[in-house]
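# Remarks on the overall topology
Chain by chain, the residues:
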Amino acid sequence: MRLFNAWEMGQDQTKQQIEKGLHLYQSNQTEKALRVWMRVLEKSADPAGRFRVLGCLITAHAEMGRYKDMLKFAVVQIDTARELEDPDYLTESYLNLARSNEKLCEFQKTISYCKTCLNMQGTTVSLQLNGQVSLSMGNAFLGLSIFQKALECFEKALRYAHNNDDKMLECRVCCSLGNFYAQIKDYEKALFFPCKAAELVNDYGKGWSLKYRAMSQYHMAVAYRKLGHLADAMDCCEESMKIALQHGDRPLQALCLLCFADIHRSRKDVQTAFPRYDSSMSIMTEIGNRLGLIQVLLGVTKCWMIQKELDKALESIEKAQELAEGLGNKLGLLKLHCLCERIYRTKGQQRELRDHVVKFHECVEEMELYCGMCGESIGEKNNQLQALPCSHFFHLKCLQTNGSRGCPNCRRLSVKPGYV
């Protein structure tokens, strides 16, 4: 009985210390919170308590951009989950392992760990995590420029959010959908979804972390910038950056700096853009956001092109190409081939020009970035798009004139628009 009481008391102390860490963390005393949680991890003999504190450490390191440490704690959490012999714990730990790899841009590993989660035979708790698993998998497919599978995963995540009345998940999915449509250049939808996320924050987010508001404002800023509404873009980005600075959110700070730089470049103010690209690049290099680095280098390339410094532009393209090839980011490669085409046309170098034209069209074919109804490319200019339930997407105007012939890509008969 004494042993049982001592064990139970140890559980209570572990719980109290975890709560103390959470209180410190929510008060922006991050380093103090980390020290409390690390002491719990070192001293606690309670596996369930260790599992929970590892979850806190994973979340904190994710928000600080310490992705390698995040991965390290996720691996320890897997071992703790195996010790507990509970499928729910194991599913959650594999999800954290998937998220860690997603942050480190290891997209194939992310997809593999997500599939492991979905194949686990857990209880209702595990099933409730499936929406988050689908979201992480969708982000990974988007990183690899596999757009149909990304959209399919986002639709599944949105269905889970609606079915479980999970407004936080819905908010995160809306931000990812904003990113998705920004990439394939349907800028109206790229703005609609983060605006929807902002509405969810306003209506339900009283007790939520401010990161949800910051995230929605950042994605709105990106869409406004693409639409040419630069003042609105600047306002949203400033609000997002303010929250990111308050909470020490390094990944979001890097994205906001990139957005600020893009806004200044859109105004042809390259002298103001360059230092912001440099600051963004510095943080992204530090945290390991290679996908973000490609976007920074694309922006830098366009600045050099504005200044007619074509050789410097080619140097930036070479660095970006190495990153894009390493990640398997096909859209990044397509954009780089497009920029090379413009540079070599200006230089009058016909052989290099032809080479990049061919590679550009190979990327379009590989990503299926064309409308299966009219044959014209998707993602070359701002166009309204619509997805079918099969997650293939087309020009909206083509779907409206298609009648009842169904999807030309997979031959499904339904033409009812999908979730997104």
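Here, the structure is the one placed above.
Just so you know, these numbers come straight off a predicted model, no measurement behind them.

## Description of the overall build of the chain
When helices and strands are counted, the chain shows 19 helices and two strands. For a compact globule of 420 residues, the expected C-alpha radius of gyration is about 22 Å, and the chain comes in at 23 Å, within 12% of that figure. Principal-axis analysis of the C-alpha atoms places the extent of the chain at approximately 85 × 55 × 40 Å. When burial is assessed residue by residue, the chain has 51% of its 420 residues classed as buried. Excluding contacts between residues fewer than 6 apart, the proportion of contacts in the chain whose partners are at least 24 apart in sequence is 58%. Summed over its atoms, the accessible surface of the chain is roughly 20400 Å², and 49% of this surface lies on carbon and sulfur atoms. The chain carries 55 positive and 49 negative side-chain charges, and their two centres are separated by 2 Å.

## Section: a negative patch on the surface
Together, Glu315, Glu318, Glu322 and Glu325 make up a negatively charged patch on the protein surface. With respect to the helices and strands, Glu325 occurs in helix H16 (residues 310-327).

## What to know about the pattern of salt bridges
In total, this model carries 18 salt bridges according to the counting rule given. In this structure, Glu106 engages Arg290 in a salt bridge whose closest nitrogen and oxygen atoms are separated by 3.4 Å. Of this pair, Glu106 sits in the loop between helix H5 (87-103) and helix H6 (107-119) while Arg290 sits in helix H15 (residues 290-306); the two residues are 184 residues apart in sequence, bridging distant segments of the chain. Look at Glu106 and you get partly exposed, because its relative accessible area is 32%. Of the charged contacts, one joins Glu352 and Arg351 as a salt bridge, the two residues approaching to 3.6 Å between their closest N and O atoms.

## Brief notes about helix H14 (residues 270-287)
Over its 18 residues, H14 extends 25 Å from the first C-alpha to the last, a length consistent with the 26 Å expected when each residue adds 1.5 Å. Within H14, the full set of buried residues consists of Val270, Ala273, Phe274, Tyr277, Ser280, Ile283, Met284 and Ile287. Residues of H14 that are buried in the fold lie against helix H4 (67-84), helix H13 (250-266) and H15. Positive phi shows up at Gly288, right after H14, with a value of about 90 degrees.

## Quick word on a positive patch on the surface
A cluster of like positive charges, contributed by Lys20, Lys32, Arg35, Arg39 and Lys43, occupies part of the molecular surface. Ranked by residues supplied to the positive patch, first place goes to helix H2 (residues 30-43) with four residues. Residue position: Lys20 is located in helix H1 (residues 2-26).

## Quick word on the nonpolar core
The biggest cluster of nonpolar side chains holds 144 residues, and the ones touching the most others in it are Trp37, Phe147, Phe180, Tyr181, Ile184, Leu369 and Phe393. With sequence-adjacent residues up to four places away left out, Phe147 is seen in contact with Leu142, Phe180, Gln183, Ile184, Leu331, Met367, Leu369 and Phe393.

## Some points on the state of the cysteines
A full pass over the atoms with the stated rule returns zero disulfides. There is no disulfide at Cys363, and the cysteine sulfur nearest it, in Cys338, is 11 Å away. We note that Cys398 lacks a disulfide partner, and the nearest cysteine sulfur, in Cys374, lies 3.8 Å from it. By relative accessible area, which is 10% here, Cys398 ends up buried.

Conventions and cut-offs
- Residues numbered from 1 in each chain as written.
- Predicted model: local features only at pLDDT ≥ 70, side-chain atom pairs only at ≥ 80, totals over all residues.
- Heavy atoms only, no water.
- Helix = DSSP H or I, 4+ residues; strand = E, 2+ residues; numbered from the N terminus.
- Rg over C-alpha atoms; globule rule 2.2 N^0.38 Å.
- Buried < 20%, exposed > 50% of the residue type's maximum accessible area, 1.4 Å probe, protein only.
- Contact = heavy atoms within 4.5 Å.
- Areas by Shrake-Rupley, 256 points an atom, 1.4 Å probe, with all protein chains shown as cover.
- Lys, Arg positive; Asp, Glu negative; His and termini not counted.
- Charge placed at Lys NZ, Arg CZ, Asp CG, Glu CD.
- Patch = residues over 30% accessible without salt bridge, like charges linked within 9 Å, V, L, I, M, F, W, Y side chains within 5 Å.
- Salt bridge = Lys/Arg side-chain N within 4 Å of Asp/Glu carboxyl O.
- Expected span 1.5 Å × (residues − 1).
- Core = buried A, V, L, I, M, F, W, Y, C linked by side-chain atoms within 4.5 Å.
- Disulfide = S-S within 2.5 Å.

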